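Analysis of the macromolecular model
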Amino acid sequence: SIPNIITGGLFGATDQIAQGDNLYALQFNTTKVLSSHEIKAGGEFRVIQANSQQTGAGSPTFSFAANWTQGPNPSTATATAGSSVASFLLGIPGGSANPVPALTLETKEYGLFVQDSYKMTSRLTLNYGLRWDYETPRSDRYNQLSNFNYSAAPPLNVPGLNLHGVLEFVGVGGQSRYQGNPDYNNFAPRFGLAYHLNDKTVIRTGGGLFYSNIWGTGTASAGFGSSGFINSTTIVTSQNGVNPTTFLNNPFPTGLVPPTGSSLGGATLLGQAIDFYDRGNRTPYSAQWNFNIQRQFPGKVLLEVGYMGSRGLKFPINALLNQLPTADLALGNALRTTAPNPFYGQISTGVLANPTVAEAQLLRPYPQFNGMTSDLTDMANSTYHSMTVKMQRRYSKGLTVLVSYTYSKNIDLDTGPFGGDNVSAGSLQNWHDLKDEYAPSSLDQTHRLVTTAVYQLPFLKNRHGLVGGAFGGWELGIIVSFSSGGPLGITQNTNNTDAQQGAQRPDWTGVSAKLDNPTVNQWFDNSQFTTATAYAFGNVARTLGGLRSDGMHQADMTLNKFWPVHERAKLQFRSEFFNLSNTPQFQPPNTTQGAAAFGTVSGQNNQPRVIQFALKLLY
């Protein structure tokens, strides 16, 4: 896929996305007017089908290491021997193949509503209503979806360990074909009020609950929880680590390891990393409320001042569930010592296939697995507050102007996949203490000012003939935007917590790292951050509201004109100037403490000036 073509990717990495979606909808509504009441009621039914296959950029990938061409001792790296390019030319690969299944997903949505607009007096109008939404959990035509049973015992005989937790599969062993449990209680009340204080002033307020869907984002099967239906095959380059036996002309001589599907039941992927969807997840929703006052001033100027807030609940996040309990980090170096592996002989793949195992592995909540990811689990939430000011000069004498300003604060637990500007999202480090992970959202913009104006140029406007046709009747439009940059999330290039899952952020001195005059070579004061102590989490927050990336300051302009061609047709010439002043907005700086580029900017977040012309026939 064109958007996924990258520079510097692994050799062989290609990402094919085949997507075919269907949406079927049936809607109905009715309106009844009773004196001062206007009652509306209705409903809708939708069938949503997402048919997707995304091979993933990791299927297959090849890498080439210098050790296969270094000497005299091939097992000892030196600065003067060995070349990964030479290994490539000899066709000595590393890498893996990780094919994924095609999914044929489906949900059904039901919605019913009733609302009343009640004009209590000539000045006061109330709006209130209730909506009910229900979305069936996902299903796949071939049942290629997985869940997790937290209490079931795995088929292992390991005395001394209270093992619990196994993968389960939809449509198997009495499980529903749905990947989750139905969530029927999605009732969404709404309320609104409009009061005409006088002929020039209106007060409005309102609020309600609004439910989202359970789809999440992306098309890759792993993002929906499909462990058991994916299997990775690693290239075995050498049997002794010295003499290569596998070459690029046949990198998988014994073929690819087929996925087991649901055939192994609770024994599926023991000793390996898994991802799944929790059957207990609920529908995400948000509470939203607002209050504003509108005032009409002379000169056709309308001023609006308001407040808007929202609270997001049960938002999806990919949760890491096999992190060591925080108290166990106090064991320090003992976590890295090895012990006899109680799973040896029962598990033949992954971290538990060897005679010994690290103590840290045995202390994990689910030691029979490696990494564990609960996809799209309903653990995240957000809070948003804003003050808004809007001034509009309605169209008069060929000119209309709109100025809007927002002062806001957005706080959340995590920012999920985001298509658009580059942001610095930080990283979650302690999955056992999520309250300390809340911080300003990477999408937070403290200030945002947007001014738009459209002006019909009066010059030669009513002049006919060649001069009027060429130079009269032009319309000029301009948009000027300013906004604060997003908060930066400082991470660490080495993770020495030994917590088994989760990230590690660095330590912060508590002194602001913001510079009065940042440059692309030093955006902030790096010295305020140091590598966190081993076996401990860093003290810096997930994001820092006082340390931000470059803000946006951009002007765009249009200039266009219409020429009549026929009584039912006209020709439009349109010129557009994006980033008129050619002002760069820099990408967020490198925020990885310990990296060579820490604190430096390496790219531009917006496009340079772009000018385009268009000719359009309207009829």
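This section reports on the structure supplied with the text. (Residues numbered from 1 in each chain as written. Predicted model: local features only at pLDDT ≥ 70, side-chain atom pairs only at ≥ 80, totals over all residues. Heavy atoms only, no water.)

Observations regarding the overall build of the protein
Applied cut-off: A run of H or I in DSSP counts as a helix once it spans at least four residues, and a run of E counts as a strand once it spans at least two, with each numbered from the N terminus. Here, residues are in contact when the closest pair of their heavy atoms is within 4.5 Å. Residue-level accessible areas treat just the shown protein chains as cover; the underlying method is Shrake-Rupley with a 1.4 Å probe. The charged-residue count follows a simple rule in which Lys and Arg add positive charge and Asp and Glu add negative charge, with His and chain termini not counted at all. Here the site of a charge means NZ on Lys, CZ on Arg, CG on Asp, or CD on Glu.
Counting its regular elements, the protein contains 3 helices and 33 strands. With the C-alpha coordinates of the protein rotated into their principal frame, the extents come out at 90 × 65 × 55 Å. The contacts in the protein between residues at least 6 apart in sequence include a share of 72% that link residues at least 24 apart. With the model as given, the accessible surface of the protein reaches about 32,200 Å², and the carbon-plus-sulfur share is 58%. Looking at charge distribution, the protein has the averaged site of its 40 positive side-chain charges lying 15 Å from that of its 36 negative ones.

Observations concerning the pattern of salt bridges
Rules: Any carboxyl oxygen of Asp or Glu that lies within 4 Å of a side-chain nitrogen of Lys or Arg is treated as forming a salt bridge with it. Throughout, exposure labels follow a simple rule: accessible area from a 1.4 Å probe, protein chains only, divided by the maximum for the residue type, with under 20% read as buried, over 50% as exposed, and the rest as partly exposed.
Across all of its chains, the model carries 11 salt bridges by this definition. The closest approach of N and O atoms between Glu44 and Arg131, which form a salt bridge, is 2.6 Å. Of this pair, Glu44 sits in strand S2 (residues 37–54) while Arg131 sits in strand S6 (residues 124–135), and the two are 87 residues apart along the sequence. Neither residue differs from the other here; Glu44 and Arg131 are each classed as buried. In this structure, Arg548 and Asp444 form a salt bridge, with 2.6 Å as the shortest nitrogen-oxygen distance. Taken together, the residues span a long stretch of sequence, with Arg548 in strand S29 (residues 544–548) and Asp444 in the loop between strand S20 (439–440) and strand S21 (447–456) at a distance of 104 residues. When its relative accessible area of 1% is taken as the criterion, Asp444 is described as buried. Through salt bridges with shared partners, one network takes in Glu44, Arg46, Arg131 and Asp133.

Overview of the nonpolar core
Worth spelling out the cut-off: Only buried residues count toward a nonpolar core. Its members are Ala, Val, Leu, Ile, Met, Phe, Trp, Tyr and Cys residues joined through side-chain atoms within 4.5 Å.
Membership of the largest hydrophobic core comes to 19 residues, with the highest contact counts inside it found for Phe148, Leu156, Leu167, Ile274, Phe343, Phe369 and Met372. Among the secondary structure elements, those contributing two or more residues to this core are strand S9 (166–169) and strand S13 (274–276). Non-local contacts of Phe343, meaning those with residues more than four positions away in its chain, are made with Leu156, Val158, Leu161, Leu163, Leu352, Leu362, Pro367 and Gln368. Ranked by size, the runner-up nonpolar core spans 11 residues in total, among them Phe524, Phe529, Val540 and Val601.

With respect to the environment of Asp199
Inspection of the secondary structure puts Asp199 in the loop between strand S10 (186–198) and strand S11 (201–211). Using a relative accessible area of 81% as the deciding quantity, one classes Asp199 as exposed. Each C-alpha atom of the pair Asp199 and Gln53 lies 59 Å from the other, and the pair is 146 residues apart in sequence.

Structural notes on the packing of aromatic side chains
To be explicit about the condition: Pairing of aromatic side chains requires ring centres within 6.5 Å, counting the rings of Phe and Tyr and the six-membered ring of Trp. Pairs whose planes differ by under 30 degrees are stacked, by over 60 edge-to-face, and all others tilted. Ring-over charges, as used throughout, are those where CZ of Arg or NZ of Lys falls within 6 Å of the ring centre and within 35 degrees of the ring normal.
Counted by the stated rule, this structure contains 21 aromatic pairs. With 5.3 Å between their ring centres and 70° between their planes, Phe524 and Phe598 make a pair best called edge-to-face. Residue Phe524 is found in strand S27 (residues 522–524), and its partner Phe598 is found in the loop between strand S32 (592–593) and strand S33 (610–618); the two are separated by 74 residues along the sequence. The residues Phe524 and Phe598 share a single accessibility class, namely buried. Among the aromatic residues, those joined into a ring-pair cluster are Phe45, Tyr110, Trp132, Tyr134 and Tyr184. Directly above the aromatic system of Tyr277 lies the positively charged group of Arg138, at a separation of 4.6 Å from the ring centroid.

Observations concerning the environment of Gly599
Looking at the secondary structure, you find Gly599 in the loop between S32 and S33. Linking Gly599 and Asn521, residues 78 residues apart in sequence, is a C-alpha distance of 7.3 Å. Those residues in contact with Gly599 that sit more than four places away from it in its chain are Asn521, Gln522, Trp523, Phe524, Asn526, Pro589 and Asn590.

Digging into the sheet that holds strand S12 (residues 233–234)
For the record, the criterion: Should DSSP find at least two bridges between two strands, the strands are regarded as paired.
Overall, antiparallel pairing links the 3 strands, which are arranged S3-S4-S12 in an open sheet. With one partner strand each, in any of the chains shown, strand S3 (61–63) and S12 form the two edges of the open sheet. Summarising the sheet, S3 and strand S4 (residues 94–97) pair through 3 bridges and their orientation is antiparallel. Across the sheet, the residue bridging to Ser63 is Gly94, located in S4.

Looking at the pairing of S4
Relative to S12, S4 runs antiparallel, the two being bridged by 2 bridges. The residue bridging Ala97 from the neighbouring strand is Thr233, located in S12.

A look at a nonpolar patch on the surface
For the record, the criterion: Note on patches: the residues involved have over 30% relative accessible area and no salt bridge, like charges join within 9 Å, and the nonpolar side chains Val, Leu, Ile, Met, Phe, Trp and Tyr join within 5 Å.
Residues Trp289, Phe291, Ile293 and Tyr307 make up a contiguous nonpolar surface patch of about 330 Å² in total accessible area. In terms of residue count, strand S14 (residues 285–297) provides more of the nonpolar patch than any other element does, 3 residues in total. With respect to the helices and strands, the residue Ile293 is situated in strand S14. Accessibility expressed as a relative area gives 35% for Ile293, which makes it partly exposed.

Digging into the pairing of strand S18 (residues 372–396)
Here S13 runs beside S18; their pairing, made up of 3 bridges, is parallel. Residue pairing across strands places Ile274 opposite Met372, the latter belonging to S18. Alignment of strand S15 (residues 301–320) against S18, held across 16 bridges, turns out to be antiparallel. Bridge assignment links Leu320 to a residue of S18, and that residue is Thr373. As defined by bridge partners, S18 adjoins strand S19 (residues 399–412) across 13 bridges and the pair is classed as antiparallel. Residue pairing for S19: Ser382 is matched across the bridge by Asp412.

Remarks on unusual backbone geometry
The phi dihedral of Leu269 falls on the positive side, at around 60°, and the residue is not glycine. As for its placement among the helices and strands, Leu269 is situated in the loop between S12 and S13. A relative accessible area of 14% means that Leu269 is categorised as buried. The phi dihedral of Asp498 is positive, around 60°, even though this residue is not glycine. With respect to the element layout, Asp498 can be found in the loop between strand S24 (491–492) and strand S25 (507–508).

Topic: the side chain of Arg364
Inclusion rule: As used in this structure description, the phrase polar contact means that two N or O atoms lie within 3.5 Å; if the pair is within protein, one of them must be able to donate a hydrogen and the other to accept it, and residues adjacent in sequence are counted only when both atoms belong to side chains.
Mapped onto the elements of the fold, Arg364 is located in the loop between helix H2 (359–362) and S18. Lacking a salt bridge, the buried Arg364 has Asp498 as its closest oppositely charged neighbour, with an N-O distance of 8.8 Å. A polar contact is formed between the side chain of Arg364 and the backbone oxygen of Gln500, at a distance of 3.5 Å. Leave out the neighbours within four places in its chain, and Arg364 touches Asn322, Leu324, Phe369, Asn370, Gly371, Gln500 and Gln501.

Focus on the environment of Gly472
The residue Gly472 is located in the loop between helix H3 (465–471) and strand S22 (475–483) in this model. Between the C-alpha atom of Gly472 and that of Leu457, which follows or precedes it by 15 residues, the distance is 7.7 Å.

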